[in-house]
Amino acid sequence: MSGPGPAVLPDLLRRRAADDPDAVALVVHGGETLTYERWDRCSSAVARGLAARGVEPGARVALLFDNACWTDYAVSYLAVLKAAGVAVPLAPRFAGPELAQILAHCDPSAVLCPPHLAREVPEGPWWLAAPSEVEQGQGADPFQLVSAPHDLAEVLYTSGTTGTPKGVACSHANLLFHELPPEARAGGGGKAHLSFLHAFPVGTNAGQEVLRLPLRRSGRTAVVLPVFDPVALCQAVAEHRVTRLQLVPAMAQVLLSSAAHHRHEVSSVERITLSSAPAPPALLFRLAESFPRASLYNAYALTESGTARTLMAEAETRPGSVGVPVGGTEVRIVDDAGRDVAAGQTGEVWLRRLGAPARWYYLDPEATEAAFVGDWLRTGDLGHRDAEGNLYLDDRKKDLIVAGGVNISCIEVENALYEHPEVLEAAVFGVAHDVLGQDIAAAVVLHAPVTPRALQAFVRQRLAEHKVPHQIFIVDALPRNASGKVLKRELAGLVGLAEEHEREPGATGPRSPTERLVASVWGEVLSQEVLGVDDDFFALGGHSLAAAQIAARLSDALGVAVPLTAVFEAPTVAELAAHLDQLDPNPSPASISASPSPTPSAALRRDRQGPS
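Throughout, a residue's number is its position along its own chain's written sequence, starting from 1. Restriction of local features to residues with pLDDT of at least 70 applies here, the model being predicted, together with a cutoff of 80 or more for giving and counting side-chain atom pairs; totals for whole chains, interfaces and linings are based on all residues. As a rule here, side-chain values come from all non-hydrogen atoms in the structure, and water together with hydrogens is ignored.

Secondary structure counts use DSSP, requiring at least four H or I residues in a row for a helix and at least two E residues in a row for a strand, with both numbered from the N terminus. Of the regular secondary structure elements, the protein chain holds 21 helices and 26 strands. Exposure categories follow from relative accessible area, calculated using a 1.4 Å probe and restricted to protein chains: below 20% of the type maximum is buried, above 50% is exposed, and the middle band is partly exposed. Within the protein chain, the proportion of its 612 residues that are buried is 54%. Contact definition: two residues touch when any of their heavy atoms are within 4.5 Å. Sequence-distant contacts in the protein chain: of pairs separated by 6 or more residues, those separated by 24 or more amount to 66%.

Structural data, given as structure tokens:
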């Protein structure tokens, strides 16, 4: 179908339906299939019904759908745009007060959702209906009201890892700002020859991109998992001969740990793209081994950045990098003053796609001004580029831990934890510390039992001591927002729960001379009473400076060299005492005479050795 380029998003659907009406655009695994013709016809019927019910051009319509109803969602989304309205896609993970807050903010005329989600929608000035209840004239002519390219098309609410969700506003022109190859502009003709599978929730930036891909490119079928499950994923790959997987790293971790890819035919997969969160290098290596025929890609984009993004092809060859700018994207790495830094230096990542229509925060000019500098997006991510221009993400600016004046990257520590074969998920976060300002903690989800102490030892073999998490919590699941990002502010509650049980009544007091020595030295250095042999150095507020003092005083008291690492590797009174008992208990006279005797520690050393 020839003619001028698309002005608004529904123009893409109209063209696809005219060029290849029977081609399958969307499939819900185990559920419905949607051809271009049916997508166009049903969305026109719903659009006609929306207009008849009083939805005016520019009015917001909230769309609350889960992935099992993805085809109904796709119909409803295009229907809102055909009615010249503004789509507000929402997943059911937006619920309760948060959903009510979002609806109050965007003030929709209507809420469309399947019947089983209707009870989640709070009462308000909007009307509520299922898409099938709105349809008018299924067999009538196509329906599409006039919209302009720069009219608002959708508002995507970011889930907010640190606060209230913000609505990212996108115009039709922004959503259509893509480099379309000739084969995408021409008719696809015949059957779809490439299928890609995803489980991105409705309303996420990644979910919206894969929804629009069959509209932008010919010969594409999107296969949607109703709920992410590794076995269902592999079954869908086999059934639909999926050639491309679109995953977030957490999904890839679960897939590999399940070993489902060994029990199903997945050889059709030619490409795996990871996005939406940093991909640990260890994950990339495991994916390369498990899917040897597939090319691995690591992508980086944000909801606010729109089509500005980077991409790393053959990601396993340069682990940790999210690649180079693609599609006209430009990247800057800047310091706190907004000045560009040299290659290899860390700064904040700024993104833009030159000439792309802007995105902005809906009804929030202050947040928009804070996030955007001209057409540059201040991502809030810290990163650096190598000499070849490859981008590496070092951390979220808000997640950076500053312990004793030293900057520590959460991503670096998480990557070390992910190298452990039993770690399924990991999140590293900072906790308040009286001396250091912050200390490192981690929450992990395990594939098989591993003790926190073993995980600490594992990290200690890979990173310097100041980067080892001194508190590790084993959890059943990490708290995530609707986009799947970890809510690190909720992990801080784990620390409070641990502190409540830190010292239980009836703690066993020091039983041997060595345990009394350790307890006494700890009390001196940490300026607090040590109650029992199971008291933990880090739980008592210990840190590297205190550890150095303790090692020195114990060396002085015992007349032997006590390594600093002993305090970290044996962080309870009992464990450290047992370690010390394995050292030479009969130091040379020279080393004893070099130790000052009037201190309590020295007296305790004599107690350990027996009467003189």
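If DSSP finds at least two bridges between two strands, the strands pair. Overall, mixed pairing links the three strands, which are arranged β24-β25-β26 in an open sheet. Only two strands of the sheet have a single neighbouring strand rather than two, namely β24 (423-433) and β26 (471-474). Taken over all neighbouring pairs, the strand axes of this sheet differ in orientation by 25° on average, direction set aside. Here strand β25 (residues 437-446) pairs with β26 via four bridges, running parallel. Looking at the pairing, alanine 442 lines up with isoleucine 472 of β26. Think of each axis as a best-fit line through the C-alpha atoms, taken over the contacting stretch in the case of a helix, with angles from 0 to 180 degrees between the N-to-C directions. Where helix α13 (residues 410-418) meets the sheet, its contacts fall on β24 and β25, and the angle it forms with β24 comes to roughly 140°.

Attention shifts here to the packing of helix α2 (residues 36-52) against helix α3 (residues 70-82). Orientation of α2 relative to α3, taken along the N-to-C sense of each, is 55°, at an axis distance of 7 Å. In terms of axis orientation, α2 runs oblique to α3. For the element pair α2 and α3, the recorded crossing hand is right-handed. Along its contact with α2, which presents Trp39, Asp40, Cys42, Ser43, Ser44, Val46, Ala47 and Leu50, the element α3 presents Ala74, Val75, Leu78, Ala79, Val80 and Lys82. Angle categories: roughly parallel below 35 degrees, roughly antiparallel above 145, roughly perpendicular from 65 to 115, and oblique for all the rest. Two helices crossing with the near one rotated counterclockwise from the far one by less than a right angle form a left-handed crossing, whereas a clockwise rotation gives a right-handed crossing.

This paragraph deals with the pattern of salt bridges. Salt bridges are identified by distance alone: a Lys or Arg side-chain nitrogen within 4 Å of an Asp or Glu carboxyl oxygen. One pass over the full model with this rule turns up 26 salt bridges. We note a salt bridge from glutamate 32 to arginine 38, for which the minimum N-O separation is 3.6 Å. A salt bridge links aspartate 375 to arginine 352; the nearest nitrogen and oxygen atoms lie 3.0 Å apart. Taken together, the positions of aspartate 375 in the loop between β19 (372-373) and β20 (376-385) and arginine 352 in strand β17 (residues 347-353) put the pair 23 residues apart, joining distant regions of the chain. One network of salt bridges, with partners in common, ties together Glu154, Glu209, Arg212 and Arg309.

What follows covers the pairing of strand β13 (residues 295-300). With respect to burial, β13 is a largely interior element, five of its six residues being buried. Sheet topology note: the strand β12 (residues 271-274)/β13 ladder contains four bridges and is parallel. In the strand pairing of β13, threonine 273 is matched with tyrosine 297. By the bridge criterion, four bridges tie β13 to strand β14 (residues 309-313) in an arrangement that is antiparallel. The residue of β14 that forms the bridge with tyrosine 300 is threonine 310.

This brings us to the nonpolar core. To qualify as a nonpolar core, a set must consist of buried Ala, Val, Leu, Ile, Met, Phe, Trp, Tyr and Cys residues joined through side-chain atoms within 4.5 Å. Counting 102 residues, the largest nonpolar core has Trp39, Tyr77 and Ile272 as the members making the most contacts within it. No other element matches α3, which puts nine residues into this core. Beyond its immediate chain neighbours, meaning those up to four positions away, tryptophan 39 contacts Leu13, Ala25, Leu26, Leu34, Ala74, Val75, Leu78, Leu211 and Leu215.

Here we take up the pairing of β17. Most of β17 sits inside the fold, with seven of its seven residues counted as buried. Relative to β17, strand β16 (residues 329-334) runs antiparallel, the two sharing six bridges. Within the sheet, the bridge partner assigned to arginine 332 lies in β17 and is tryptophan 350. When β17 meets β20, the two strands line up antiparallel, connected through four bridges.

Next up on the list: the environment of tryptophan 360. Positionally, tryptophan 360 belongs in strand β18 (residues 360-361). The class of tryptophan 360 is partly exposed, set by a relative accessible area of 31%. Taking the C-alpha atoms as reference points, tryptophan 360 and serine 171, separated by 189 residues in sequence, lie 9.7 Å from one another. The residues contacting tryptophan 360, other than those within four sequence positions of it, are Leu152, Gly167, Val168, Ala169, Thr368 and Phe372.

All right, on to the environment of leucine 156 then. Along the chain, the position of leucine 156 falls in strand β7 (residues 152-157). For the pair leucine 156 and glutamine 208, spaced 52 residues apart in sequence, the C-alpha to C-alpha distance is 9.1 Å. Setting aside chain neighbours within four positions, we find leucine 156 in contact with Pro89, Lys166, Gly167, Val168, Gly203, Asn205, Gln208 and Thr303.

The next thing to look at is unusual backbone geometry. Phi is positive for arginine 241, which is not a glycine, with a value near 50°. Secondary-structure assignment places arginine 241 in the loop between α9 (230-240) and β11 (244-247). One non-glycine residue with positive phi stands out, namely glutamate 314, at about 50°. Along the chain, glutamate 314 falls in the loop between β14 and β15 (321-326).

Any link to function would need more than the numbers given here.
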